[in-house]
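Read off the chains here:
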There are 2 protein chains.
Amino acid sequence: MVKTKVDSEELILDAARKVFTRKGMTGARMQEIADEAGINKALLHYYFRNKKQLFDAIFDDVFPRFIPALIQILNSDNSIEEKLSHFVSHYIDEFSHKAYIPVFILNEIHQNPERLASMSMAIEGMKTSRFMVQISEGIETGLYHPIKPAHLLSNLISLSVFPLISQPLLTRVFQMDDKEYMQFLEEKKKLIPELILESIKRN
Amino acid sequence: MVKTKVDSEELILDAARKVFTRKGMTGARMQEIADEAGINKALLHYYFRNKKQLFDAIFDDVFPRFIPALIQILNSDNSIEEKLSHFVSHYIDEFSHKAYIPVFILNEIHQNPERLASMSMAIEGMKTSRFMVQISEGIETGLYHPIKPAHLLSNLISLSVFPLISQPLLTRVFQMDDKEYMQFLEEKKKLIPELILESIKRN
DNA sequence: ATTCAGTTTAACCATTTGGTTAAATGTAAG
DNA sequence: CTTACATTTAACCAAATGGTTAAACTGAAT
């Protein structure tokens, strides 16, 4: 085996993910990434020719990294109610201490919309998930009001993501400490599925 | 009068707002701001000693710029239903072609949470608005379920902002063209108030 | 023992970028 | 006319930054 090639590349990617997702493409420094990885700039450029190439490697990986788990939830054998609950809980747990990740994604997409290419495939699975089929069935059988998939999914994700990315604002305005904010998120795990269900259920 | 001092300063601020809100603090270039303002770098530094000072001037102004209109809606004499409708419509109209503004705010706050100081005062007015009083009254009279203000406001803003800042994603995933996306937003103007009302109304 | 990729060191380079300076010009007001 | 600030021009500076290079070293594989 060739020494530890894989390890170093992985080390660099981990460091780059950390720095890029926190500081963004323009705010990140190659030296900082090298330091974070515990190596030197020469080796960094030995593995990744330039900043853009390294950034692309990171960006194209950030999104696909957490989407499969969500799709799996939507494709399970559970009921709609359980899926909603699992989805929101998983989402909140995943990002409650990493809200900079969704912010990073949103920001970089707005800076450079072409980057979307690497993401849309990962999302495709949500549109075509068993969950969406169950919803369609519920609509056909008259259990639910008709609702466009785009509205349902955007509502679900809006309500899940925004409380996370607006944490600094929320905690300040409503004077929550860390514990109260975590409590707030726990309440969201119940309230969001209820809200979504109420919005589609026929009375 | 001293020539056009006010005009130039205003020119610079307008240009800086444009560049900063699109590229962010780290992505913006002083030269680009000067170009955008139609002046030269020397004059730019003549008015604003350095980049940080100029950025602060912009950032501290971006948020307070659109909050008062929203607070006015929440403090009007209208019914809760009308306020919800006006609020969402105004929000969507304001940012449907400027989604980079909320993205900018979210990103810069995450980069530097201390900046929140200039914003929290502007938001205070939402917490204490007549709208929130009306909600409290509705809860007391048994018309509405009890709901914490933090949840109600976060739901309202989540549902309004996220469809805007996730436009690139949404339009790609659901293959909407510009016209279809605008139609989608129009539907949101009805659906969001309905959703919020359903969530608090007692059956 | 040799080979060869991985790694370090350290100097170096070119460009970008924020910021400064000085001199000349414009322009409105006293 | 003179004063005083506004503005331009154009050169300049220093630091930061992305990226390169060459030489030496390491350590596993042949």
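Rules of the game
- Residues numbered from 1 in each chain as written.
- Chains lettered and ligands numbered in written order.
- Predicted model: local features only at pLDDT ≥ 70, side-chain atom pairs only at ≥ 80, totals over all residues.
- Heavy atoms only, no water.
- Helix = DSSP H or I, 4+ residues; strand = E, 2+ residues; numbered from the N terminus.
- Buried < 20%, exposed > 50% of the residue type's maximum accessible area, 1.4 Å probe, protein only.
- Contact = heavy atoms within 4.5 Å.
- Areas by Shrake-Rupley, 256 points an atom, 1.4 Å probe, with all protein chains shown as cover.
- Lys, Arg positive; Asp, Glu negative; His and termini not counted.
- Charge placed at Lys NZ, Arg CZ, Asp CG, Glu CD.
- Least-squares fit on C-alpha atoms with pLDDT ≥ 70 in both.
- Buried area = accessible area lost by both parts, 1.4 Å probe.
- Salt bridge = Lys/Arg side-chain N within 4 Å of Asp/Glu carboxyl O.
- Polar contact = N/O pair within 3.5 Å; in protein donor to acceptor, adjacent residues only side chain to side chain.
- Domains from an automatic or database assignment.
- Nonpolar A, V, L, I, M, F, W, Y, C, P; charged D, E, K, R; others polar.
- Expected span 1.5 Å × (residues − 1).
- Patch = residues over 30% accessible without salt bridge, like charges linked within 9 Å, V, L, I, M, F, W, Y side chains within 5 Å.
- Axes fitted to C-alpha atoms, helices over the stretch in contact; angles between N-to-C directions.
- Parallel < 35°, antiparallel > 145°, perpendicular 65-115°, else oblique.
- Left-handed = near helix turned anticlockwise from the far one by under 90°.
- Core = buried A, V, L, I, M, F, W, Y, C linked by side-chain atoms within 4.5 Å.

## Let's talk about the overall build of chain A
Each helix and strand counted, chain A has eleven helices and zero strands in total. Moving toward the C terminus, one meets the helices and strands of chain A in the order α-α-α-α-α-α-α-α-α-α-α. Seen through its principal axes, chain A has C-alpha atoms that stretch 65 × 40 × 35 Å. Relative to its full complement of 203 residues, chain A shows a buried share of 53%. Relative to all contacts within chain A whose residues are 6 or more apart in sequence, the contacts with residues 24 or more apart total 68%. Of the roughly 9,900 Å² of accessible surface on chain A, 53% is carried by carbon and sulfur atoms. A gap of 5 Å separates the mean positions of the 25 positive and 27 negative side-chain charges of chain A.

## Focus on the side chain of Lys188(B)
Structurally, Lys188(B) can be placed in helix α11 (residues 178-200). In this structure, Lys188(B) is in contact with His151(A), Ser154(A), Asn155(A), Val88(B), Ile92(B), Pro163(B) and Pro193(B), ignoring residues within four places of it in sequence.

## A word on the relation of the copies chain B and chain A
Superposition of the two copies of the chain requires a rotation about an axis and a shift along the axis. With an RMSD of 0.0 Å, the operation that places chain B on chain A is a rotation of 180 degrees combined with a shift of 0.0 Å along the axis. What the rotation and shift describe, once combined, is the action of a two-fold rotation axis.

## A short note on the interface of chain B and chain A
Opposite the 48 residues of chain B that make contact, chain A presents 48 residues. When the buried surface of chain B facing chain A is broken down by residue, His110(B), His151(B) and Phe162(B) rank first, second and third, together holding 14% of it. Counting the contacts that link chain B with chain A gives two salt bridges. Across the pair Lys148(B) and Glu187(A) runs a salt bridge, and its minimum N-O distance is 2.7 Å. There are 19 residue pairs in polar contact (both at pLDDT 80 or more) connecting chain B and chain A. Secondary-structure elements contributing two or more residues to the side of chain B that touches chain A are α1 (5-27), α6 (100-111), α7 (117-127), α9 (149-165), α10 (167-173) and α11 of chain B. The leading source of residues in the side of chain B that touches chain A is α9(B), at 13 residues.

## Quick look at the domain arrangement of chain A
All names here are of chain A. By the assigned domains, chain A splits into domain 1 (1-49) and domain 2 (59-200). Here arginine 17 ties to aspartate 61 by a salt bridge, and the two come within 3.4 Å at their closest N and O atoms. Across the contact surface, domain 1 and domain 2 share three residue pairs in polar contact (both at pLDDT 80 or more). For the side of domain 1 that touches domain 2, a count of residues per class yields two nonpolar, two polar and two charged.

## Concerning helix α5 (residues 80-95) of chain A
Residues and elements named next belong to chain A. If you check α5, its first and last C-alpha atoms are 23 Å apart, about what 16 residues at 1.5 Å a residue would give, namely 22 Å. What α5 keeps buried is the set Ile80, Lys83, Leu84, Phe87, Val88, Ser89, Tyr91, Ile92 and Phe95. Where α5 is buried, its residues contact α4 (51-74), α6 (100-111), α7 (117-127), α8 (130-140), α9 (149-165) and α11 (178-200).

## Some details on a negative patch on the surface
A cluster of acidic side chains, namely Glu194(A), Glu198(A), Glu194(B) and Glu198(B), defines a negative patch on the protein surface. Of all the secondary-structure elements, those providing two or more residues to the negative patch are α11 of chain A together with α11 of chain B. By relative accessible area, which is 33% here, Glu198(A) ends up partly exposed.

## What to know about unusual backbone geometry
Not every positive phi belongs to a glycine, and Gln175(A) is a case in point at roughly 45 degrees. Positionally, Gln175(A) belongs in the loop between α10 (167-173) and α11.

## Details of the environment of Phe55(A)
Residue and element names in this part refer to chain A. Its location among the elements puts phenylalanine 55 in helix α4. When its relative accessible area of 0% is taken as the criterion, phenylalanine 55 is described as buried. Residues phenylalanine 55 and threonine 21 lie 34 residues apart in sequence; the distance between their C-alpha atoms is 9.8 Å. Beyond its immediate stretch of four places on either side in the chain, phenylalanine 55 contacts Phe20, Met25, Phe104, Glu108 and Arg115.

## With respect to the pattern of salt bridges
All names here are of chain A. Evaluation of the coordinates by the stated rule reveals 24 salt bridges over all chains. Close ionic contact of aspartate 56 with arginine 115 constitutes a salt bridge, the shortest N to O distance being 2.7 Å. Remark: arginine 115 occurs in the loop between α6 and α7 and aspartate 56 occurs in helix α4; sequence separation between them is 59 residues. For the pair shown, aspartate 56 and arginine 115 are each scored as buried.

## A short note on the packing of α8(A) against α9(A)
All names here are of chain A. The interhelical angle for the contact between α8 and α9, taken along N-to-C directions, is 125 degrees, at an axis separation of 12 Å. Taken together, the axis directions place α8 and α9 in an arrangement best described as oblique. Note on packing geometry: the crossing formed by α8 with α9 is right-handed. Contacts between α8 and α9 involve Phe131, Met132 and Ile135 on the former and, on the latter, Pro149, Leu152 and Leu153.

## Some words on the nonpolar core
If you look at the biggest cluster of nonpolar residues, it comprises 148 residues, and the most contacted ones within it are Phe20(A), Leu54(A), Phe87(A), Phe20(B), Leu54(B) and Phe87(B). Leaving out residues up to four positions away in the same chain, Phe87(A) has contacts with Leu70(A), Ile73(A), Leu74(A), Met126(A), Leu156(A) and Ile157(A).

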